[in-house]
Amino acid sequence: MVRPGELSVDSSTNHLRTPSRTVTLGRIQPQAPTYRTVYCNDRDSNYLVRLKCLHGNSISTTKYNVFTFLPKGLFEQFRRIANIYFLGISCLSMTPISPVNPITNVAPLSMVLLVSLIKEAFEDWKRFQNDMSINNSTVEVLQDQLWVPIPWRKLQVGDIIKIKKDGFFPADLLFLSSINPDGICYVETANLDGETNLKIRKALERTWDYLTPEKASEFNGEIQCEQPNNSLYTFTGNLIVEKQTLPLSPDQLLLRGCSLRNTEYIVGAVIFTGHETKVMMNAMNAPSKRSTLEKKLDKLIITIFCALVIMCLIGAIGCAIVTDRDHFYLGLHKKDCEYRNGLTYYLLVPQIAFFTFFTLVILFSTIIPISLYVSIEMIKFIQSTQFINRDLHMYHVETNTPASARTSNLNEELGQVEYIFSDKTGTHTRNLMEFFKCSIGGISYGCGITEIERGIAQRDGLKIHEEQRSTGAIREKGFNFDDPRLMRGGWRNEPNPNLCKEFFRCLAICHTVLPEGDESPEKIVYQAASPDEAALVTAAKNFGFFFYRRTPTMVSVRESHTEQMGKIQDVSYEILNVLEFNSTRKRQSVVCRYPDGRLVLYCKGADTVIFERLASGMDDVRKVTGEHLEHFGSSGLRTLCLAYKDLNPEAYDSWNERFIEAKSALRDREKKLDEVAELIEKDLILIGSTAIEDKLQEGVPTCIETLSRAGVKIWVLTGDKMETAINIAYACNLINNEMKQFIISSETNAIKEAEERGNQVEIERVIKEEVKKELKKSLEEAQQYLRTVGGPKLALVIDGKCLMYALDPALRITLLSLSLNCTSVVCCRVSPLQKAQVTSLVRKGAKKITLSIGDGANDVSMIQAAHVGVGISGMEGMQAVMASDFAIAQFRFLTDLLLVHGRWSYLRICKVVMYFFYKNLTFTLTQFWFTFRTGFSGQRFYDDWFQSLYNVFFTALPVIVLGLFEKDVSASLSKRYPELYREGIRNSFFKWRVVAVWASSAVYQSLVCYLFVTASAFDGKNSSGKTFGLWDVSTMVFTCLVIAVNLRILLMSNSITRWHHITVGGSILAWLVFAFVYCGIMTPRDRNENVYFVIYVLMSTFYFYFTLLLVPVVALLADFIYQGVERWFLPYDYQIVQEIHRHEPDSSNADQLEIANELTPEEARSYAISQLPREISKHTGFAFDSPGYESFFASQLGIYAPQKAWDVARRASMRSRPKAPKKN
């Protein structure tokens, strides 16, 4: 913070200048205590400012540096429960109580940590290289009256720099001068907010001359401005030049990261550098999101750890009992009597049990898989980069935009989404605006039928007669208007041609659009901040008021037919003031001067704000225009009202002084400008209204209907009016006539009466009471409907004003209960904050998995508040995409993202986790059973390296292939039967019941592998006649275990690829090759003498091969039978689909069959059943011919197919499918 009083240092010693105090223009003295002062062309005087930004203009986006990488990286890794567990195990293995070599635990943990740290280092190195590339870019700086190129990182506050065409701004700059006339330049902010529309920036007229290096070196201005902040669209400050103070605004600010367009070069002064620039202060990390399944995985690991503790307690207690009863001969006493009766006895046995407990903890440590997290991360990463990003079904050809998974942490979360929160404009609609209809002086103009009107007619069962377009009707981008009364000068014959002229001039003048290209109607291109603005200016052009040139102070319009038919004249209007649009004002105004000196204020904005500022005597026009607006809104059109006012020159001059004062203020500038605007934006004359159509995106209704069948509830959160939102909801199949609608609106009589009285406290009280009453009434009705059999689906519509009070803590629970009972919810006129609040309400209150999707900057908070955020790369820039977890180009791609990739990812990750749990439990239990034979002594059953490499080498690859290629049904079937998605919502594949089944399988297989081998090995002999020893038996058990566990992958897979065969066969072969090498090497150290030559001895016997065939088959037999019984009697939904689509349909019969009136009802039913959708799908498992499947799917499609006797018996034995939960 730099204050004027703090700079009183002797300039002769420190070369610091005292800030100027003289203020002349506007008589404004900055009073803000926290503004900064920047001295241009004087580095020494900016010393105190530079102290606040130690790194200068260098930026760093890296996560680590040389000193923090190791500690911070390890901290990140040990946030995971499993890594902490294995660290503890590794420490215990270094103690004398460890039965295994420490290296066997330390090495796998080190490998996992090393891989993770290398991945982190690689990603951070990429960020570092990107930072260095940016920091070493060059820019021309003024030094000794010369432009000298220096790296960006050496730039300092106060430097004067030159930026050439297409160059990027290296810091936040004060725009001083431009090669263009009138000191303007064009800026593209795509790197900032993704918008490719060019923005105009204007330098102060006082600084236009500082363009050459000689002249710029004379500039020694003093900038007093706000402290660094993250507000991209505001800036307050003053420039003091030669004792004259000039107010600064965002028009003079050029932000870092933006680029210069259509301008040869400009000169600017550096204000903020490095991490103090606005773009860097906005570069906050997105909130860290963990999938719900990953959180449940932590619970599973804790459960497994509890099981480990129980196993170790059993072993410890068993050891104490066995030692006490059978092993007194170990010399633990001097005399048996003294030993058993003395204190030593009572202390020694618990001590033995205590140490045995930790010995067994180390021995059974493999029960928790060390490679689980690494494998899951690898699977998710490949799923994202290779499957989601490359899916052609989510590739948008028109914009050349593929889907993009911006994070791989949430893939499986896509398969469990129950609530979708969606923006409307640009998400359900195309955000390609077309001028469609209008109202001028109480007369409606425009022909044609909107898509929404077609949807309404279809809903009501009405037939629409398309109107023929008039001959010579114009159709171009942004303009789809047809009415000969206004086109080609026809407006001159209307009842009020002067009002028509004001309407067209308002469209041509009141905007911030920039024209580009040739100044001809055919070739000109309009760069607009929003597609609405471009559509309105395009409409003015087609009505004969062609806007073709803009300077900072002038707008040029080529007007046709104004004086007489056919006459064209160029008119330049002087722009005196622009009162810009913002979310509070909801309007934009321009004060302009005609060539004849006439002063006019043109204003356009929302109907609510325009109507309340109209002059008296406008009631009739206001009423008729209001009816037109309601009709336009019901047709799904976006509306604006237009008004104007003639200004008195004296009154304007007085107002303009106050406007300059407000514009020069350093504190609360926006508030003061709004207050000044209120003084002039009153007593307006209503011109009329515009209606713009924003067409629905392709496939939106079908997508919403499909997702609804999948059990997903869709909420629309929009800023549009209630009528528009409801009709869009009808057109999108979100709401239909069969639904019971609850509408909570602030347009009630009681609320209107309170607003007319104007008492703010009373207004708030009335609205809160009305909202409370409506919520309770609606909730009671909803509960009554839900208690009835076959009651209608419910829909809730609420506006933003009521929502603000409904989100109050006292009413929040009631709102949530009502909303959760509704199939569809539409929230109108909501702010970005309210969007995030509603999303958080469902996420935290209902504990449901949520997804938010939007395309604009106003959707960012909603996207970040949900479990999964999806951004649409649309017309409103890339801010939503940059804040999202996944990015798609069209709303309809949600079908593939959720029903295909989401389902598959959820299924795959569930199976991967369960398989890891199963294979490690199976392995550990064989060691556990062995402890009973060894008297719980802690004797290891397997060689150390067998135990260490089991997870990371012998069983690692097949599970990764499972996680990448597992498919229960194909992509087309997933979309054809969206009901399959409900299994993810119910979390069917990660329930504790499923865990129990896999645990039972592990217990059974471990017992088979252990007991079969150990029991048969009692009498087993090798080729030399010697009895098998411990290491022969353990190697035999390990071999059977590796084969059984790897073959289990094939049994659980729904689709088997060549990669399954390669990895399963390769893993088994890898074990045999390792055993051959490992057992054939003898070293001087006692490393593996226990297993030396063991595999060779085993393979020389018939027993080895017989056991190798028998034990895995018996071990897998129970799983084989269980899967068959489950598939036959308790099938999952996807298994039914598999059975339906086992074979190709015989299409030849269908061609021969004729459907006509002569078919009997039975023949018609048979034909309908034969036409049920089928698809070739190769699956493993049991393809039993169940007659019940046809009737099951026939009923889903509304075809009556009588159930057969076996079908009734089978369905009676099926697990009950969850019904719709009863709502309270």
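Chains are numbered independently. Their residues run from 1 in the order of the written sequence. Totals for whole chains, interfaces and linings use every residue, but because this is a predicted model, local features are given only for residues with pLDDT of at least 70 and side-chain atom pairs only at 80 or more, for both listing and counting. Just so you know, side-chain values use all the structure's heavy atoms and leave hydrogens and water out.

**Q** Can you tell me about a negative patch on the surface, naming the residues and giving the values?
**A** Like-charged residues within 9 Å of one another, or nonpolar side chains (Val, Leu, Ile, Met, Phe, Trp, Tyr) within 5 Å, are grouped into patches, provided each residue has over 30% relative accessible area and no salt bridge. Values of accessible area rely on a 1.4 Å probe in the Shrake-Rupley scheme; residue burial ignores everything except the protein chains shown. Criterion for a salt bridge: a side-chain nitrogen of Lys or Arg within 4 Å of a carboxyl oxygen of Asp or Glu. Counted as positive: Lys and Arg. Counted as negative: Asp and Glu, with His and the chain ends omitted from the count. To locate a charge, take NZ of a lysine, CZ of an arginine, CG of an aspartate or CD of a glutamate. Judged by side-chain charge, Glu650, Asp653, Glu657 and Glu661 come together as a negatively charged surface patch. A run of DSSP states H or I qualifies as a helix once it reaches four residues; a run of E qualifies as a strand once it reaches two. Both are numbered from the N-terminal end. Residue position: glutamate 661 is located in helix 18 (residues 649-664).

**Q** Before we move on, can you summarise empty space enclosed by the protein with the specific residues and values?
**A** Of the grid points, spaced at 1 Å and generated over the protein atoms alone, those admitting a 1.4 Å probe that cannot get out make up cavities, while open sets with protein on both sides within 12 Å along at least five of seven lines make up pockets; any residue with an atom within 4 Å of a point is treated as lining. Grid points are joined across faces, edges and corners, and a volume is the space filled by probe spheres set on the points. Taken as a whole and judged by the stated rule, the model has 3 cavities of 30 Å³ or more. Taken as a whole, the largest cavity spans an internal volume of roughly 120 Å³. Together, Phe86, Thr104, Asn105, Pro108, Ser365, Thr366, Ile368, Pro369, Ile370, Gln947, Ser948 and Asn951 line the largest cavity. Taken together, the elements giving at least two residues each to the lining of the largest cavity come down to helix 5 (103-135) and helix 30 (944-954). Counted by class, the lining of the largest cavity contains 5 nonpolar, 7 polar and no charged residues. Three classes are used, and their members are as follows: Ala, Val, Leu, Ile, Met, Phe, Trp, Tyr, Cys and Pro are nonpolar, Asp, Glu, Lys and Arg are charged, and the others, Gly among them, are polar.

**Q** Residue-level account of the sheet that holds strand 9 (residues 237-241), with values.
**A** By this definition, two strands are paired if DSSP reports at least two bridges between them. Here 4 strands make up an open sheet; going across it, the order is 1-8-9-10 and the pairing antiparallel. Pairing within the sheet leaves two strands with one partner each, and these edge strands are strand 1 (36-39) and strand 10 (244-248). Taking each pair of neighbouring strands and ignoring which way they run, the sheet shows an average axis angle of 20°. Bridging between strand 8 (residues 222-225) and strand 9 involves 4 bridges; their strand directions are antiparallel. Across the sheet, residue glutamate 222 finds its bridge partner in strand 9, namely isoleucine 240. Between N-to-C directions, angles span 0 to 180 degrees; the directions come from axes that are lines fitted to C-alpha atoms, helices contributing only their stretch in contact.

**Q** Before we move on, can you summarise unusual backbone geometry with the specific residues and values?
**A** Look at asparagine 41: it is not a glycine, yet its phi comes out positive at around 65°. In this structure, asparagine 41 sits in the loop between strand 1 and helix 2 (47-52).

**Q** How would you summarise the sheet that holds strand 32 (residues 868-872) if you had to cite specific residues and measurements?
**A** Pairing is mixed across the open sheet formed by 9 strands, whose spatial order is 14-33-32-31-15-27-30-29-28. Strand pairing shows two members of the sheet lacking a second neighbour, strand 14 (404-405) and strand 28 (740-744), which therefore form its edges. Both strand 29 (residues 794-799) and strand 30 (residues 824-828) contribute to a ladder of 5 bridges, which runs parallel. Bridge pairing in strand 30 links leucine 796 to valine 825. It only takes one pair of heavy atoms within 4.5 Å for two residues to be counted as in contact. Its contacts with the sheet place helix 25 (residues 812-821) against strand 15 (419-422), strand 27 (713-717), strand 28, strand 29 and strand 30, and it is angled at close to 135° to strand 29.

**Q** Explain helix 23 (residues 760-787) to me, using residue names and the numbers behind them.
**A** Count 3.6 residues to each turn of an α-helix, and residues three or four apart come out pointing the same way. Its 28 residues place the ends of helix 23 41 Å apart at the C-alpha level, agreeing with the 40 Å of an ideal helix rising 1.5 Å per residue. Looking at the packing, one finds that the buried side of helix 23 touches strand 28, helix 22 (749-757), strand 29, helix 24 (800-806) and helix 25. Here the expected span of a helix is defined as 1.5 Å times the quantity of residues minus one.

**Q** If you had to explain the side chain of arginine 1127 to someone new, which residues and values would you point to?
**A** Within the secondary structure layout, arginine 1127 lies in helix 38 (residues 1102-1129). Relative accessibility decides the category of a residue: with a 1.4 Å probe and only protein chains considered, values under 20% of the type maximum give buried, values over 50% give exposed, and everything between is partly exposed. Among the residues examined, arginine 1127 registers a relative accessible area of 6% and is labelled buried. Here glutamine 1138 takes part through its side chain, which lies 2.6 Å from a polar atom of the side chain of arginine 1127. We call two N or O atoms a polar contact when they sit within 3.5 Å, provided that within protein one can donate a hydrogen and the other can accept it, with sequence-adjacent residues counted only if both atoms are side-chain atoms.

**Q** Explain the packing of helix 34 (residues 992-1017) against helix 38 residue by residue, including any values.
**A** Two elements in contact, helix 34 and helix 38, have axes separated by 10 Å at closest approach and are oriented at 155°. Here helix 38 runs roughly antiparallel to helix 34, going by the angle between their axes. The interaxial crossing formed by helix 34 with helix 38 has right-handed handedness. Along the contact surface, helix 34 presents Arg993, Val997, Ser1001, Tyr1004, Gln1005, Val1008, Cys1009, Phe1012, Val1013, Ser1016 and Ala1017, while helix 38 presents Tyr1103, Thr1107, Leu1110, Val1111, Val1114, Ala1115, Leu1116, Ala1118, Asp1119 and Tyr1122. Looking at the contact of helix 34 with helix 38 residue by residue, the class counts come to 15 nonpolar, 4 polar and 2 charged. Small angles under 35 degrees read as roughly parallel and large ones over 145 as roughly antiparallel, with 65 to 115 read as roughly perpendicular and the rest as oblique. Helix crossings are classified by the rotation of the near helix relative to the far one: an anticlockwise turn of less than a right angle makes the crossing left-handed, while a clockwise turn makes it right-handed.

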